[in-house]
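Given next are the chains, with one letter for each unit.
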Number of protein chains: 2
Amino acid sequence: MKKFSIQLIALFFISFIAISCNKTTENANDDVENEGSHPKLILTKQGVDNIRKNLGNVPIFDKTLADTKAEVDAEIELGILVPIPKDLSGGYTHERHKKNFIIIQKAGVLFQILNDEKYANYVKDMLFAYAKLYPTLPVHPQTRSYARGKIFWQCLNDSNWLVYSAQAYDCVYDWLSKEERETLEKDLFIPFAKFISEGNPQFFNRVHNHSTWGNVAVGMIALVMDNDELLDNALNGLKTDNLNTGMRDNDGGFIKVEGLRLGFFGNLDEPFSPDGYYNEGPYYQRYAMYPFLIFAEALHNVKPELKIFEYKDGVLLKGVDALLNLSDADGDFFPLNDGQKGMSYYTAALVSAVDIAYKFGGENPELLSIAKKQDRVVLDDTGLAIAIGIKEGLEKPFTKKSVNLSDGKKGDEGGVGILRSDNLELVYKYASHGSSHGHYDKLSFSLHEKGNEVLQDYGLARFVNIEQKGGGNYLKENQTWAKQTIAHNTITVNEESHFEGKFEIGTKHHSDLYFYDDKNPNIQILSAAEVNAYPGTEMLRTLALIKDEDFERPFTIDLFKIKSDSKKQYDLPYYYLGHIMKTNFEFETYDQLNPLGKKNGYQHLWKEASGKPATDNTVFSWKNKDLFYTLTTASNANDELILARIGANDPEYNLRKEPSFIIRRKNTQNTTFASVIESHGSYSSVSELALNAYSSITNLKIVLDTEAYTAVEIITKKNTTKIFIISNKDNSTDKNHIIKIGNKEYNWKGSYYYK
Amino acid sequence: MKKFSIQLIALFFISFIAISCNKTTENANDDVENEGSHPKLILTKQGVDNIRKNLGNVPIFDKTLADTKAEVDAEIELGILVPIPKDLSGGYTHERHKKNFIIIQKAGVLFQILNDEKYANYVKDMLFAYAKLYPTLPVHPQTRSYARGKIFWQCLNDSNWLVYSAQAYDCVYDWLSKEERETLEKDLFIPFAKFISEGNPQFFNRVHNHSTWGNVAVGMIALVMDNDELLDNALNGLKTDNLNTGMRDNDGGFIKVEGLRLGFFGNLDEPFSPDGYYNEGPYYQRYAMYPFLIFAEALHNVKPELKIFEYKDGVLLKGVDALLNLSDADGDFFPLNDGQKGMSYYTAALVSAVDIAYKFGGENPELLSIAKKQDRVVLDDTGLAIAIGIKEGLEKPFTKKSVNLSDGKKGDEGGVGILRSDNLELVYKYASHGSSHGHYDKLSFSLHEKGNEVLQDYGLARFVNIEQKGGGNYLKENQTWAKQTIAHNTITVNEESHFEGKFEIGTKHHSDLYFYDDKNPNIQILSAAEVNAYPGTEMLRTLALIKDEDFERPFTIDLFKIKSDSKKQYDLPYYYLGHIMKTNFEFETYDQLNPLGKKNGYQHLWKEASGKPATDNTVFSWKNKDLFYTLTTASNANDELILARIGANDPEYNLRKEPSFIIRRKNTQNTTFASVIESHGSYSSVSELALNAYSSITNLKIVLDTEAYTAVEIITKKNTTKIFIISNKDNSTDKNHIIKIGNKEYNWKGSYYYK
């Protein structure tokens, strides 16, 4: 179908609709077309009329419809397959049931748009097969989950099923007979909804992405069936749940936390900051976004009086914007916390998110350019609006700028900042813990250029849905490695993770913004503090992305200031990706490799080499794809410079064997790590030309470091001198500062100085 | 300029030419335009007329011209920079001199095409700067080369300079005064040509890609100056050279080999097989192709009586075809021998190769599709022909099929076969040693899919022109690792490399084709034997790429039969790239890593893990990018299964730390390794769906293994049985075979059976 030209597709639809509308209905049921109140949930009767009128004239919509029809037709050919539940994710029964709910939702839509009963019959047959099976099912035989489902191994996937099946049911509701509806509701939908709510309060009555799916599943089917009791549970949670404080789920997250609002509203209130940042990070926000938005669309259609899109100052639509900003140049989400790399705004959940945000968020033309890249739309009013916008050529580029997203219900629990300059993107995390998917990585960052990871965040230790790797679920190395502090580009003190690596401590705290300033287009800067990760130790990290004519491309300044109550060992790793080009220090490689430590993630690092600084500057350069990078850092004579590699104590090859450069400063009380990371030059394997392969820096020096100020001097190869100063104690934007360094006086207003 | 539309560019040229042609000449010299005999070398007077007539009407040519003009104009702005030679490749003086010769060649062409004296003056000023400098120069201060140049650290680069500068000189020859020409020839070109020939016979009088450049450099300038003595040296080598047999160059290659024809003809005769395969491999063929073809074009223009394109049955044009076939789906050359990965047919040398092959090889329309991808042409008759062909829409896809390229002057020294089926490409090397750039890897192979390496050949240990890495030259790990047998997907016996890793032995031998058959589109098969690598041990490896409906994608059968005079240890590595998914055997990982051995490349492998076969089949699967792969091999109970990683004893991080799966069979005299490698399924990080993630094989078994026959039985998950049999002693295509395995009789004609 994809090969057909748009014209052919259009012709096909016009002919098809003409034929469909002329044929006499063969519907044997008692409701006939255009009577009754459904569809009303996502598709609406008015919306379907609009869609039909525009068919053949909205290329991206027509193409999606043709693709969907081809997909569903192929599945209809296979017949109704509803196996007895047995497998974990990745296994046959899991994947088959997953496919079923995805396909019947689409079949319902096709029935409405194309008016062909073949699709209604398919939905009906499928739902009746489930209505027959469901009452016979015990809980799922796989015992891994804290909340086992019936169709799937966890209630989460059962909820997925219901969110989609509710939409399918809505599409055929009026077409089914009353008796048929009664059977489906009595044998399938009501017991299904009760099982994932009352039957599993530990799943349903939480603030968590799992619960969001549960709430929405119950809410969607409630709206279709017009069931107020279920809707109330969906929106506000169960009144009673008999859960004990302290219960944990499989990921170690708390199940019961006193004083939280529950249900859909609770899940909107708690994890979203006023800026639309979702505390688990973009990977899970992407996952949660579909139920949040699809239910919002349903509520908007059925209960417009709730004004759901205006809830909490429009947080749902802000969430879409935040999420798009949390992606790199290729649209891949930054892998904060338990994020799997490669997930991007090309995922289906973001297609609906973008379409819904466009329709209900004032038709922002920048969203059209994302939708155009996605190259498909949702087959409803929102997708139609997008398709019309694209057809009319209204799109504008979605320009990603530096952004600072607050975390926490009230926006006062730290945040995540993305500094952007030319092709560079620096992601600085100083957020709250991120619920059960959080990592112990306060003040960590990652650096990206043109969609490539330069200094990586490891992400999760999991191969989602790949059955061979631990059933597709979290691997134990997620806990022993990926969550640990040493796995991140931030400081580990005394080889202990932040908050002792304990969830119950970590989840109580968050880092704090010190200042963020993106006003000067050449200097994007974010500074944040963490005082709870190690009691008695205060950390202030300032990251700046600076564009300066004496450098080929924007460079990063990294100032990590530590103040402690006693002497400690500080390890600051940089997880560079690429091949080492040159170091200015000598290092010894070993004949035999040993792990760097015994616990807290250190047991997973091989110590490949170690050296001492050659001068008061340490220079470490590498090549990543076709670009060169150099880290220049002010060294203490006693620093140990370690070259390490992930992969020790990894008996099942669950980890990626990637490298790290670690600066270790032992037996030190207060100190500042001052570094610059440059992106420079290029290499082409085709022309074999290496351009600008060396750093532009001849020296980097901390010229002042007091309680009040830290100043770094950078001397370039052009023999120019740059000074970067931050005020460590006063972050006000209008405070005047005057200080003298050597013979020179510096006078400025605000929290930093650069020249 | 790239942003301008073709129309604008065309308009620009039409206007430009009009202006140029109307202006009065400001040429102060005594020859005027359109008089004299030059250009005649690459551009010709008639050719320039044709080009001028077509300008503005041949988009790809116009675009290249505009890009070239922009590039040269920017360099002219910088002025004439001719520094005193000092640096190795990657350093300033090296890169500046390299840029100079590239730019003056282009400036010469621009002068001819655009008729603007700015370009002639630039060429003249540059050449005179060299004429002033050259007589003052000692040999280059860097002492690394066996043949030091004057402008560059090696005569090779000096020769590059002359090949390009001769073209520049040809373009301004008639425009210069007689006195100017005399000065340039006396002070620069003649001494330059004599230095790289008579002054460096160890460089000039060899069969080697270096010498090709030397011969061509002298030949090109000889043709421009009409100097018969130099031309004879170029074509036939120096009459006397006083070189001793046994001398070596920096790469360990022999300098003097008795009885070889020398000069350009010698370099055409010896390294090219009748199929156009160049014995050093595609990476060096690509490098040599430019001088071979540009000089051929020059000889064709100036000495048409030589019929150079018909020489040795058209070997030069066959060479272009062979080279294009030695590239993967992305156009990257397979990294045989000392090949740097990423070099592709997008390199400038291949632009001229494709253009010349098109013009002088019968205007094969498939070459137009390559030229279109290259998106630029040579600014001469050949490029014009391409541009006109593309403009007229004549191009056809360049379809790469399976091909078997013989090696050796007479085509009887083994070869390289590429088996292709759907998106899979299997490169099987059973060639001669490959001169000084050869590796000790008889019967090795690599596997590629959609341009990705699935089972890699390591390539060279070098970062070409990246000064930080050993001056951009060969690293010592090239010898200690990359050339060693264990670094390749072939068998190492008793931890010794083939031919004891000795060039003087290896270069005497080659493997032999046993049979090659691509007639059945579903079975591409190549079998070759090696009997000299380990005296007393005979090896026969058969690789087949088979398309069978019981498998999702084509799969590889790998049968490696060994017969020895005593018990040995056989190591067969598979350098898979990607992440291990699952093995069917248990392995122990180590708390401490040690190198796998002490020498012959083994010292560079960390032994990460080791295990024993769990059953008579060993199954090893991995994911590479978004596809799954499974190796299934028939195991002996005593096999050791080793997981290793490159990178031990690598004190400067010169090696890539990539993995290997090694099957070790100890204390065995005769044996056969029988394996199947499947490509199957897919994983999407966006949909998070894993499809067909498991092998289609339930069992693989050697059911017969005699002197005469080897048979393998494969049982699939569909419960079908496949039998693959080869005749080990008779490779005739019409021999009838009848054998009985178990109760079943097999009857077929030819060297193999598959069903």
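Computed from a predicted model, the values in this text were never measured in an experiment.

(A) Structural detail: unusual backbone geometry. Residue Pro39 of chain A is reached from His38 of chain A by a cis peptide bond, and omega for that bond is 0°. Along the chain, the position of Pro39 of chain A falls in the loop between α1 (6–22) and α2 (45–54). Phi angles above zero are rare outside glycine, and Glu363 of chain A is one such case at about 50°. As for its position among the elements, Glu363 of chain A is in the loop between α14 (348–360) and α15 (365–374). A relative accessible area of 40% means that Glu363 of chain A is categorised as partly exposed. Within the chain, Asn242 of chain B stands out as a residue other than glycine whose phi angle is a positive 55°. You can call Asn242 of chain B exposed: its relative accessible area is 74%.

(B) Structural context of the pairing of strand β15 (residues 617–624) of chain A. Residues and elements named next belong to chain A. In terms of burial, β15 is a largely internal element, seven of the eight residues being buried. Pairing between strand β12 (residues 579–583) and β15: four bridges, direction antiparallel. Of the residues in β15, the one forming a bridge with Ile580 is Trp622. One ladder, built from eight bridges, connects β15 with strand β16 (residues 627–634); its direction is antiparallel. From the neighbouring strand, Thr618 faces β16, where its bridge partner is Thr633. Connecting the antiparallel pair β15 and β16 is a turn made up of two residues, with Lys625 showing a positive phi of about 50°.

(C) Spotlight on the relation of the copies chain B and chain A. Here chain B sits on chain A after a turn of 180° about the axis and a move of 0.1 Å along it, with an RMSD of 0.0 Å. In the structure described here, the two chain copies are related by an operation that fits a two-fold rotation axis. Ranked by how close their C-alpha atoms come to the rotation axis, the residues of chain B are headed by Leu593 of chain B, at 2.4 Å. The overlap is high: 98% of the interface residues of chain B also sit at the interface in chain A, so the same surface is used on both sides.

(D) α2 of chain A, seen in detail. Residues and elements named next belong to chain A. Taken residue by residue, α2 has Gly47, Val48, Ile51 and Arg52 as its buried positions. Mapping the buried residues of α2 onto a view down its axis gives an arc of 135°, with all of them on the same face. Residues of α2 that are exposed and angled more than 90 degrees away from the buried face: Gln46 and Lys53. Against α3 (59–78), α4 (92–114) and α16 (381–391) lie the buried residues of α2. Among the residues trailing α2, Gly56 stands out with phi positive, at a value near 90°.

(E) Region of the structure containing the sheet that holds strand β1 (residues 403–406) of chain A. Residue and element names in this part refer to chain A. Strand order in the open sheet formed by five strands is β1-β2-β3-β4-β5, with antiparallel pairing between adjacent strands. This sheet does not close on itself; its edge strands, each paired only once, are β1 and β5 (452–455). Between one strand axis and the next, the sheet turns by 20° as a mean value, whatever way the strands run. Here β1 pairs with strand β2 (residues 415–421) via four bridges, running antiparallel. Each residue of the ladder has a partner; that of Val403, found in β2, is Ile418.

(F) Just the nonpolar core, in detail. Among the nonpolar cores identified, the biggest contains 136 residues, and Phe61, Trp161, Tyr169, Phe189, Met220, Phe295 and Ile308 of chain B are the most heavily contacted of them. Aside from chain neighbours lying at most four places away, what touches Met220 of chain B is Leu41, Ile42, Val163, Ala166, Gln167, Ile294, Phe295 and Ala298 of chain B. If you look at the next biggest cluster of nonpolar residues, it comprises 133 residues, including Ile42, Ile196, Ala217 and Leu368 of chain A.

(G) Structural detail: the confidence of the model for chain A. Residue and element names in this part refer to chain A. Confidence in the prediction of chain A, expressed as mean pLDDT, is 94, and 95% of residues score 70 or more. Note on residues 1–12: pLDDT under 50 across the span, and ten contacts to partners over four residues away in sequence or across chains. Throughout residues 14–34 the model reports pLDDT below 50, and contacts reaching past four residues in sequence, or to other chains, amount to 25 contacts.

Conventions adopted
- Residues numbered from 1 in each chain as written.
- Chains lettered and ligands numbered in written order.
- Predicted model: local features only at pLDDT ≥ 70, side-chain atom pairs only at ≥ 80, totals over all residues.
- Heavy atoms only, no water.
- Helix = DSSP H or I, 4+ residues; strand = E, 2+ residues; numbered from the N terminus.
- Buried < 20%, exposed > 50% of the residue type's maximum accessible area, 1.4 Å probe, protein only.
- Pairing = 2+ DSSP bridges.
- Least-squares fit on C-alpha atoms with pLDDT ≥ 70 in both.
- Contact = heavy atoms within 4.5 Å.
- Arc of directions from axis to C-beta.
- Axes fitted to C-alpha atoms, helices over the stretch in contact; angles between N-to-C directions.
- Core = buried A, V, L, I, M, F, W, Y, C linked by side-chain atoms within 4.5 Å.
- pLDDT = per-residue confidence, 0-100.

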